[in-house]
Amino acid sequence: MLDMDFVHLATFLRRIESKALELGDRMQKGYKRIWSSGGLGLYLLWLFMHLIVSIWYFAVDLVNSLESYLISSGFMKQYKDLDISKVKYLAVVLDSEEALDTMKVLELLRWLTAMGLRNVCLYDPEGVLKRSKDALSLWLRSEVVPNGANKDGLVKQKYLNLEVISFTDGKHAVARAANFLLKKHYLNADAEIPELTESDMADALAEIGYAAPEPDLMLIYGPVRCHLGFPAWRLRYTEIVHMGPLKSMKFGALIKAIRRYTMVRQNYGMYNCFNRQSAR
Amino acid sequence: MESKSKSNSNSIVVRLFGSWVSYMRRCLFRVISVGPVPSHLAFILDGNRRYARKWGLGEGMGHRAGFLSLMTLMKYCYELGVKYITIYAFSIDNFKRKPDEVQGVMDLMLEKIEGLLKEERIVNQYGVRVEFVGNLKLLSDPVRNAAEKAMRVTAHNSRAILLIAVAYTSTDEIAHAAHQSCLDKNEGVIRLADVERHMYMGVAPDPDILVRTSGETRLSNFLLWQTSSSLLSSPKALWPEMGLRHLVWLVLNFQRVQPYLETKKKKLL
């Protein structure tokens, strides 16, 4: 019994020691920053500026949470009609650490299916989602939604075309396409390699298995508005929206983002009508 | 005589006020520099035409207002210590616009490049290097020659680098880089590093922040390859309305997320 207490005490003391070292490290970093910034006064002013920014974002988050609640509860009538057909292909970029929470990802996919989306591309840089793709597809297929029987008495089953990609499907795919083109033109050793056009690249990418559509809309679930290496040639005119961390995702915020996209697409179409030029 | 002394004292007041404003701005930058300052900023200069319509200015005046805004913002960035600035001056897609407008922008560019060549001494004093990034073969001869001359004349400067993307799209850049890699490698395997070496933007590190003004959320084929770990920002202000407060807000936002972006950059290497 005495041995056990001794072991507990030793573990406890070790924990305190590591916490003290951590604190010491942080204080050292802080002192370095104060020293290099030229004084405590400047450092405090800088902290104060960031405090103001943080308070602003806190207030914005509160307002957004309230709005999401109102939207998902159906209080805001303008969000009831959503023309989802305008979103032909949706991309969702997830931070790899947040993507480890497969249940949250599944919930997001359920929401997207419920809204009527059929084509979704999931991306995370480290390929975490590729490992859980089979599980996700299985779960989605197993959810038969009783949509009411049609004339034949069969129950309609909703399904989602799910594409899952990672960083290696981006830049590395371009290198592979370049090698493909090199071999293709190298075979004609006498002929000069012609100037490669964008359509040559697109064809080469298609040949090696990367022919996928360009998303209309991209939702980023993560701490930062950053596309984290999504394949560059598919991102040309994609509207990019930052939704915040996955763990605090809200259905109302999702509806709002998609509705805003559909409204923008309407205006873009009208503008195009008047101008007949392709805008930037 | 009296009016002359009055105007003299007025101009002194204006100058004093100007130097006070400049001093306050430098103090503000001193405070912001406590945290990490981005070393490369990229801008999509969107909203010039909307600005002209909003204020009832004539055709082409929006672009001139945008140019003034660019000069001011560049000055602030260099004071803050930003080493690389990239601007999306003209996309390959923009060649499809009305011929008068395209010609107007080309004329403005030629005018400004020639102006820069005239002020060569000042440019070299500030140590600014100018690089034109894109498929320059698509430009007309006078513009291309002026651009190449400007690049030659400022090549030895290194304090600050201005990259001007003309006749540029990311997809064209990728195709060009692949083509150059093919030309270089007669045998063997093309690696990702080979492709990256041949990018037009290989002269600068990846941008820390990519800003598109006027609230648009698309990247419109700009720096799609280089922004894997960049903060994408979409302020609602039109480009000619961009000023000091937008820059300060941008840098503060960058400082909040910089540690996260650093770890992502290391992981994606």
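Below or above, wherever it landed, is the structure these notes cover. Owing to the predicted nature of the structure, the values given are computational and were not obtained by experimental measurement. Sequence order as written defines residue numbering, which begins from 1 separately in each chain. Chains and ligands are labelled sequentially in the order written, the chains with letters from A and the ligands with numbers from 1. Local features in this predicted model are restricted to residues of pLDDT 70 or higher, and side-chain atom pairs are both shown and tallied only at a pLDDT of 80 or more, whereas totals for entire chains, interfaces and linings draw on every residue. Note that water and hydrogens are dropped before the side-chain values are worked out from all heavy atoms of the structure.

### Here's the deal with the overall build of chain B
On a plain count of helices and strands, chain B comes out with nine helices and six strands. A compact globule built from 269 residues should have a C-alpha radius of gyration of about 18 Å, and chain B, at 20 Å, falls within 12% of that. Structurally, chain B occupies a C-alpha span of about 80 × 45 × 40 Å along its principal axes. Only heavy atoms enter the contact rule, under which two residues are in contact if any of them lie within 4.5 Å. Within chain B, counting contacts between residues at least 6 apart in sequence, those at least 24 apart form 78% of the total. With residues, only the protein chains shown are counted as cover, and all accessible areas are computed by Shrake-Rupley using a 1.4 Å probe. Summed over its atoms, the accessible surface of chain B is roughly 12700 Å², and 57% of this surface lies on carbon and sulfur atoms. Strands here are runs of E lasting at least two residues and helices are runs of H or I lasting at least four, both read from the DSSP assignment and numbered beginning at the N terminus. The atom set for the radius of gyration is the C-alpha atoms, and the globule formula is 2.2 Å times the number of residues raised to the power 0.38.

### Section: the interface of chain A and chain B
Opposite the 55 residues of chain A that make contact, chain B presents 70 residues. The quantity reported as buried area is the accessible area (1.4 Å probe) lost by two parts once they are put together, taken as the sum for both. For the pair chain A and chain B, the two sides together bury roughly 5600 Å², of which 60% comes from carbon and sulfur. Within this document, salt bridges are pairs made up of a side-chain nitrogen of Lys or Arg and a carboxyl oxygen of Asp or Glu, the two lying within 4 Å of each other. Applying the counting criterion to the chain A and chain B interface returns five salt bridges. Here a polar contact is recorded for every N or O atom pair within 3.5 Å, except that within protein the pair must consist of a potential hydrogen donor and a potential acceptor, and residues adjacent in sequence are included only if both atoms are side-chain atoms. Seen at the junction of chain A and chain B, the total is 19 residue pairs in polar contact (both at pLDDT 80 or more). For the side of chain A that touches chain B, the elements supplying multiple residues, two or more each, are helix H1 (2-37), helix H2 (40-72), helix H3 (96-99), helix H6 (171-186), helix H7 (198-207), strand S5 (239-244) and helix H8 (251-275) of chain A. Here the side of chain A that touches chain B gets ten residues from one element, more than from any other, and that element is H2 of chain A. Under the scheme applied here, ten amino acids are nonpolar (Ala, Val, Leu, Ile, Met, Phe, Trp, Tyr, Cys and Pro), four are charged (Asp, Glu, Lys and Arg), and all others, including Gly, are polar. Here the residues of the side of chain A that touches chain B sort into 30 nonpolar, 13 polar and twelve charged.

### Some words on the pattern of salt bridges
Scanning all chains against the criterion turns up 28 salt bridges over all chains. Two residues, lysine 104 of chain A and glutamate 107 of chain A, come together in a salt bridge whose shortest N-O distance is 3.9 Å. Taken together, the residues span about one helical turn, with lysine 104 of chain A and glutamate 107 of chain A both in helix H4 (residues 102-115) at a distance of three residues. Residues arginine 50 of chain B and aspartate 46 of chain B are paired through a salt bridge, measuring 3.7 Å at the closest nitrogen-oxygen approach. Think of it in three bands: with a 1.4 Å probe and only protein chains considered, a residue is buried below 20% of the maximum accessible area for its type, exposed above 50%, and partly exposed in between. The exposure class of arginine 50 of chain B is partly exposed, given its relative accessible area of 32%. Here aspartate 46 of chain B falls in the buried class, since its relative accessible area comes to 10%.

### Here's the deal with the pairing of strand S2 (residues 119-123) of chain A
Residues and elements named next belong to chain A. In terms of burial, S2 is a largely internal element, four of the five residues being buried. The pairing of strand S1 (residues 90-94) with S2 spans four bridges and is parallel. Bridge assignment links valine 92 to a residue of S2, and that residue is leucine 122. Two strands are counted as paired when DSSP detects at least two bridges linking them.

### A few points about the nonpolar core
Phe230 of chain A together with Phe43, Ile85, Phe132, Tyr168 and Phe222 of chain B are the most contacted members of the largest nonpolar core, which totals 120 residues. No other element matches helix H9 (residues 244-268) of chain B, which puts ten residues into this core. The next biggest cluster of nonpolar side chains, apart from the first, holds 36 residues, and it includes Tyr79, Leu90, Leu94 and Leu254 of chain A. In this description, a nonpolar core means a group of buried Ala, Val, Leu, Ile, Met, Phe, Trp, Tyr and Cys residues linked to one another through side-chain atoms lying within 4.5 Å.

### Topic: the state of the cysteines
In plain terms, two cysteine sulfur atoms within 2.5 Å form what is called a disulfide here. Applying the stated criterion across every chain, the model contains zero disulfides over all chains. The thiol sulfur of cysteine 226 of chain A is not disulfide-bonded, and the nearest other cysteine sulfur, from cysteine 121 of chain A, lies at 16 Å.

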